[in-house]
Structure formats: structure tokens, C-alpha cells
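# Results of the structural survey
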Amino acid sequence: GDVYKRQALHYQLHAISPLVLTTALMEREGLPLKTVCADALERAVIYAVNDLDTGEITAEKTGHVQSYFDGTEELEPFELAWAEVYLSMFDTPDVLQFVEPFRPLRSSKLGGDQVTVRDRLLR
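Residues numbered from 1 in each chain as written. Predicted model: local features only at pLDDT ≥ 70, side-chain atom pairs only at ≥ 80, totals over all residues. Heavy atoms only, no water.

### Observations concerning the overall build of the protein chain
Along the protein chain, the regular secondary structure elements total 7 helices and 2 strands. Sequence-ordered secondary structure for the protein chain, helices as α and strands as β, is α-α-α-α-α-α-β-β-α. For a compact globule of 123 residues, the expected C-alpha radius of gyration is about 14 Å, and the protein chain comes in at 15 Å, within 12% of that figure. Summarising its shape, the C-alpha atoms of the protein chain cover approximately 45 × 30 × 25 Å along the three principal directions. Here the protein chain, with 123 residues, has 35% of them falling under the buried criterion. Put simply, 64% of the contacts in the protein chain that link residues at least 6 apart link residues at least 24 apart. A total of about 7200 Å² of accessible surface is found on the protein chain, and carbon and sulfur atoms cover 54% of it. Computed over 12 positive and 20 negative side-chain charges, the inter-centroid distance for the protein chain is 7 Å. (Helix = DSSP H or I, 4+ residues; strand = E, 2+ residues; numbered from the N terminus. Rg over C-alpha atoms; globule rule 2.2 N^0.38 Å. Buried < 20%, exposed > 50% of the residue type's maximum accessible area, 1.4 Å probe, protein only. Contact = heavy atoms within 4.5 Å. Areas by Shrake-Rupley, 256 points an atom, 1.4 Å probe, with all protein chains shown as cover. Lys, Arg positive; Asp, Glu negative; His and termini not counted. Charge placed at Lys NZ, Arg CZ, Asp CG, Glu CD.)

Shown next, in the form of C-alpha cells:
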């Protein structure tokens, strides 16, 4: 229903987390996934981060103002926790600039402090 349409951008962020961590793990094991499907991961991240300014792109696609912009939800740092690992794989200044005010990025579901997680992945 409409609630899912209002939360499309929220769900985009939710989906990005396992994609980023799985990609990092596979890259570490020698399975190159960063550029599969015409750079799909990077495109998904850039889309989401760019739309977090106004939500207009997703609102246009869904026909609903997104929950981050209608007063029902506030963007929380844990929703961007994947960015530490992502930024270790991709040079994306827009993402770095966007997440900076949300640091330190932590998520219990992703293993806690994401700088620690990132550093473990890069060993």
C-alpha cells in the first residue's frame, strides 16, 4: 500500500547495507563484485544519497512524499552505517560529504562501530 510507497527511500537504504558488506567480503575473497551489473551498487548508493536531500526523485517515482520528508521518520546514523565500508571500496566524495555529519557510524546489526568492521574487512 501507500505506506510502502512512502518508505521506498528508507527501504533503499535498508537494502544497501547487506549489498555493501557482501560485496566487501567477496572482494576480500578475490571475487570482484564492485562493478557487476554496470556498477549497480555504486549507482544504488549514489541514487539514495542524492535523493536524501529532498526525496523528490523517489517521490516522483512512487507518487508519495517520502517518510524522511513528511515528518513521520528522521534519518538515523545507523541507516548510513554501511558507508564506512562502502567508502573503503569507492571514491565517492558526495557520499563522504553526506555521511560526515552522521559519524561515528554504528549499527548493531552490522557489527557495531563501522570503522572497526571496515578495518577487519581490509585485513
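That shown, we press on.
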